[in-house]
Amino acid sequence: MTDKNNIEIPEEKKSLNFIEQIIEEDLNSGKHKEIITRFPPEPNGYLHIGHAKSIILNFGLGEKYKGKTNLRFDDTNPAKEDTEYVDSILEDVQWLGFKWHGKVHYASDYFNQLYEWAVKLIKDGLAYVDDQSGEEISVMRGTPTKPGTESPNRNRTAEENLDLFIRMKNGDFKDGEKVLRAKIDMSSPNMHMRDPVMYRIKHAEHHRTGNKWCIYPMYDFTHGQSDYIEGITHSICTLEFENHRPLYDWFMDHIYEEGRTRPRQIEFARLNLSYTVMSKRKLAELVEEKYVSGWNDPRMPTISGLRRRGYTPESLKLFADKVGIAKRENIIDVGLLEYSIREHLNRTAQRVMTVLNPLKVTITNYPENEEELLPAINNPEDETMGEREVPFSKILYIEKEDFKEVANRKFFRLKLGGEVRLRYAYFIKCNEVIKDETGQITELLCTYDPLSKGGKSPDGRKVKGTLHWVSAKHAIDVDIRLYDRLFSDESPDGHKNKDFKEFINPNSLTVLENCKAEPFLKNAKSGDRFQFERLGYFCVDKDSFENKIIINRTVPLRDSWKNK
RNA sequence: UGACCCAUGGUGUAAUGGUAACACAGCUGGUUUUGGUCCAGCCGUUUCAGGUUCGAAUCCUGGUGGGUCAGCCA
């Protein structure tokens, strides 16, 4: 490699994360010819950006290593699950641009097989039916530092256990009356190994199996086996399942058949984002208590919320890439997410001029009924997007905050007696300020320099500021929703004795009505994204109707002018 | 007073025993018909203490700090 005669430039190899390293080892060693991963949501809520990280990881690995990725619903708890969530999850995964291999899988598809494995474990003396109440079981389990106590039912014969289990299945018992437990070790230092419950009785209707079953397997007795059935090679989950891995392996040890693919569980750190909460329970609370308009409120960190806010699938992939994969607990600065959407939209978004808080400007030396069309660049980062024409006339709107009667030299926008450029139009100079009785500025009287058409100075004189503007006569009215972070605290659920809702930002939504937009926006459709010059990236909301366009601000432009 | 896991700039992620790299944030400055973009520079004696080694962010031991586990949730 360091041979001086060797003129080969070593390939710049992007470093692998620890999961990719494991996969490459497994592929190189021949342990697996092909990898199969899976994304296994429980359909009991909407997906959030943390799930997006997991989806991108699992499907990304499948693509990178030319393997497969399954989508499997972990639907073993009929009390909490619903097809509404199934539908939203399907939509979100597809929106992110991923295609699962084959059909959609459901853990409930495996209930028969799971039942048979349970019977096998009973016959092998590795599982027993326990009559104790939930509370008794809990007490008998001990604590992390004190070993548990064995159940009085622990040494029933296989025959008795089998009979009882069949009767559980047949509906002979009420909810909670009996459970099936694995017979492992009540004194294990790992709580999960203290005879974990495998099956519980729930007389509830399941969203897919209806009333066929009244016993349902627990997560631990379902997940690994589902992986096994599907031939999953790498079962990737978050850190809190680390302590479950010995149990995952224990069940696998007792059902595994030589020659089949044996799945391996690998854990990575879940995503945490600053200034928001990520748990399904807390997000549901925000929805139920109407702090937001729904799961897809643009302030929510849900995939559907981000989508409505204007985030693109590409931006979330860019974000996931920057965030990386590791085992360290983390809180990612929400600024990184914002950077990611700017990065994508800067390259792709149509530019347009819109005035949020209009201030009337009359060009006193511009002919009364004259109007002209001025060419404007659609995206300076992408020539192929071409140009459009923007109408100019005597009466215009500029942004209120772009004018100050008097200001220091750091303020290089419009001031009384000062000159600025109107983007793609002319240089204008402000000569007079008109105010109402209360002293509020209502109008500016300006003159333009006809020779500066297009914004180029004819005599080489410079202006420091360039403003966006809209012709009053041609402007269309739009309503704009400005969003700020939902919480005012960096880690709203990180305070011991405080409810996360105490940190809700009361100003997370500002609605501006009758903003003035360039006519180009007339035909904008729900979901269209734009850069409003000098302001930020915006996305047309689905709430828009016939003749009123409603627009969400996705994210402001970076602003290095932090005077004010 | 258990088991398992983690520890590198403000925030994340690399460096796989051989000069601590990249991104974001922040701060300077340059370019610019968006105070955007783009470009350049600045910003860490790798949690501590020992040990192994010619050489340690990396391996070993111990400490400290943090996380997870006591659902018939996933």
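What counts as what
- Along each chain, the written sequence defines residue order, and numbers are assigned to residues from 1.
- Chain labels run from A onward and ligand labels from 1 onward, assigned in the order the entries are written.
- In view of the model being predicted, local features appear only for residues whose pLDDT reaches at least 70, and side-chain atom pairs are presented and counted only at 80 or more, with totals across whole chains, interfaces and linings using the full set of residues.
- Values shown for side chains rest on all heavy atoms present in the structure; no hydrogens or waters enter the calculation.
- Secondary structure elements are taken from DSSP: a helix is a run of H or I of four residues or more, a strand is a run of E of two residues or more, and numbering for both begins at the N terminus.
- C-alpha atoms define the radius of gyration in this analysis, and the globule rule sets the expected value at 2.2 Å times the number of residues to the power 0.38.
- For every residue, the accessible area (1.4 Å probe, protein chains only) is compared with the maximum for its type, and the residue is labelled buried under 20%, exposed over 50%, or partly exposed between those bounds.
- In this description, contact between two residues means that some pair of their heavy atoms is separated by no more than 4.5 Å.
- His is not counted here, nor are the chain ends, while Lys and Arg score as positive and Asp and Glu score as negative.
- In plain terms, the charge of a residue is placed at NZ if it is Lys, CZ if Arg, CG if Asp and CD if Glu.
- The predictor attaches a confidence to each residue, and that confidence, scored 0 to 100, is pLDDT.
- We count a salt bridge whenever a side-chain nitrogen from Lys or Arg sits within 4 Å of a carboxyl oxygen from Asp or Glu.
- Multiplying one less than the number of residues by 1.5 Å gives the expected span of a helix.
- Between the rings of Phe, Tyr and Trp (Trp by its six-membered ring), a pair exists once the centres lie within 6.5 Å; its type follows the angle of the planes, with under 30 degrees stacked, over 60 edge-to-face, and the other angles tilted.
- Charge-over-ring placement is defined geometrically: NZ (Lys) or CZ (Arg) within 6 Å of the ring centre, and within 35 degrees of the ring normal.
- Only a single heavy atom is needed: when it lies within 4 Å of a molecule or strand, its residue is near that molecule or strand.
- Here a polar contact is taken to be a pair of N or O atoms separated by no more than 3.5 Å, where protein atoms must pair a possible hydrogen donor with a possible acceptor and residues adjacent in sequence count only if both atoms sit in side chains.
- For two strands to be treated as a pair, DSSP must find at least two bridges joining them.
- To define axes, lines are fitted to C-alpha atoms, for helices over the stretch in contact only, and angles between the resulting N-to-C directions are given on a 0 to 180 degree scale.

**So, the overall build of chain A**
Helix and strand counts for chain A come out as twelve helices and 27 strands. For chain A, the C-alpha radius of gyration of 31 Å lies well beyond 24 Å, the compact-globule estimate for 564 residues. Out of the 564 residues belonging to chain A, those deemed buried represent 52%. Here the contacts in chain A between residues at least 6 apart in sequence split such that 71% fall between residues at least 24 apart. Averaging the positions of the 86 positive and the 92 negative side-chain charges in chain A gives two centres separated by 3 Å.

**Let's talk about the confidence of the model for chain A**
When pLDDT drops low, the exact placement of atoms in the prediction is not to be read closely. Model confidence for chain A is summarised by a mean pLDDT of 95, while 97% of its residues fall at 70 or above. Of the regions scoring below 50 in pLDDT, residues 1–11 engages in zero contacts with residues more than four places distant in sequence or in other chains. For this predicted complex, the interface confidence comes out at an ipTM of 0.97, alongside a pTM of 0.96.

**Digging into the pattern of salt bridges**
Counted under the stated rule, the structure contains 48 salt bridges. We note a salt bridge from Arg245 to Glu267, for which the minimum N-O separation is 2.6 Å. Residue Arg245 is located in helix H8 (residues 245–255), and its partner Glu267 is located in strand E9 (residues 264–268); the two are separated by 22 residues in the primary sequence. Since its relative accessible area comes to 29%, Arg245 is described here as partly exposed. Judged by its relative accessible area of 3%, Glu267 falls in the buried class. Linking Lys435 and Glu405 is a salt bridge whose minimum nitrogen-to-oxygen distance equals 2.8 Å. Of the two residues, Lys435 sits in strand E19 (residues 427–435) while Glu405 sits in the loop between strand E16 (403–404) and strand E17 (414–415), which places them 30 residues apart along the sequence. Salt bridges here are not isolated pairs; linked through shared partners, they connect Arg281, Glu285, Glu289, Asp499 and Lys501.

**Some words on helix H2 (residues 49–64)**
For an α-helix, 3.6 residues make a turn, and residues three or four places apart therefore share a direction. Spanning 16 residues, H2 covers 21 Å between terminal C-alpha atoms, matching the ideal 22 Å at 1.5 Å per step. Of all the 16 residues making up H2, 13 are buried; the element is thus mostly covered by neighbouring parts of the structure. Positive phi shows up at Lys66, right after H2, with a value of about 50°.

**Some details on the packing of aromatic side chains**
For the structure shown, the criterion picks out 23 aromatic pairs. Ring geometry for Phe392 and Trp469: centres 5.3 Å apart, planes at 75°, overall edge-to-face. Of the two residues, Phe392 is situated in strand E14 (residues 387–393) and Trp469 in strand E22 (residues 469–471); the sequence distance between them amounts to 77 residues. By relative accessible area, Trp469 is classed as buried at 1%. An angle of 85° between the planes, with centres 4.8 Å apart, marks the rings of Tyr426 and Tyr448 as edge-to-face. Pair noted here: Tyr426 is in the loop between strand E18 (419–422) and E19 and Tyr448 is in strand E20 (residues 441–449), with a separation of 22 residues, a long-range link. Judged by relative accessible area, Tyr426 falls into the buried class, the value being 3%. Of the aromatic side chains, those joined through ring pairs into one cluster are Phe111, Tyr115, Phe165, Tyr199, Trp213, Tyr216, Phe221, Trp250 and Phe251. A cation sits over an aromatic face here: Lys282 above Phe500, 5.9 Å from the ring centre. Directly above the aromatic system of Tyr275 lies the positively charged group of Arg485, at a separation of 4.1 Å from the ring centroid.

**Comments concerning the protein's contact with RNA strand B**
Around RNA strand B sit 71 residues, and of these Gln21, Thr76, Arg328, Phe412 and Gly454 come closest. Near-protein atoms of RNA strand B (within 4 Å) split between backbone and bases, with sugar and phosphate holding 62%. In this structure, a base oxygen belonging to RNA strand B sits 3.2 Å away from a main-chain N or O atom of Tyr424. One nitrogen or oxygen atom from the side chain of Asp559 is found 3.2 Å from a sugar or linking oxygen belonging to RNA strand B. Of all elements in the fold, only helix H5 (134–140), strand E6 (197–201), helix H11 (313–323) and helix H12 (334–348) reach the threshold of two or more residues within the surface near RNA strand B.

**Points about the sheet that holds strand E4 (residues 127–130)**
Taken in spatial order, the four strands line up as E4-E5-E6-E7 in an open sheet, and their pairing is antiparallel. A strand with exactly one partner marks an edge of an open sheet, and here the two such strands are E4 and strand E7 (215–217). With direction set aside, neighbouring strand axes in the sheet form an average angle of 20°. Where strand E5 (residues 179–182) and E6 come together, three bridges link them in antiparallel fashion. By the bridge assignment, Leu180 is partnered in E6 with Tyr199. Relative to E4, helix H6 (residues 158–170) is tilted by about 60°, and along the sheet it contacts E4, E5, E6 and E7.

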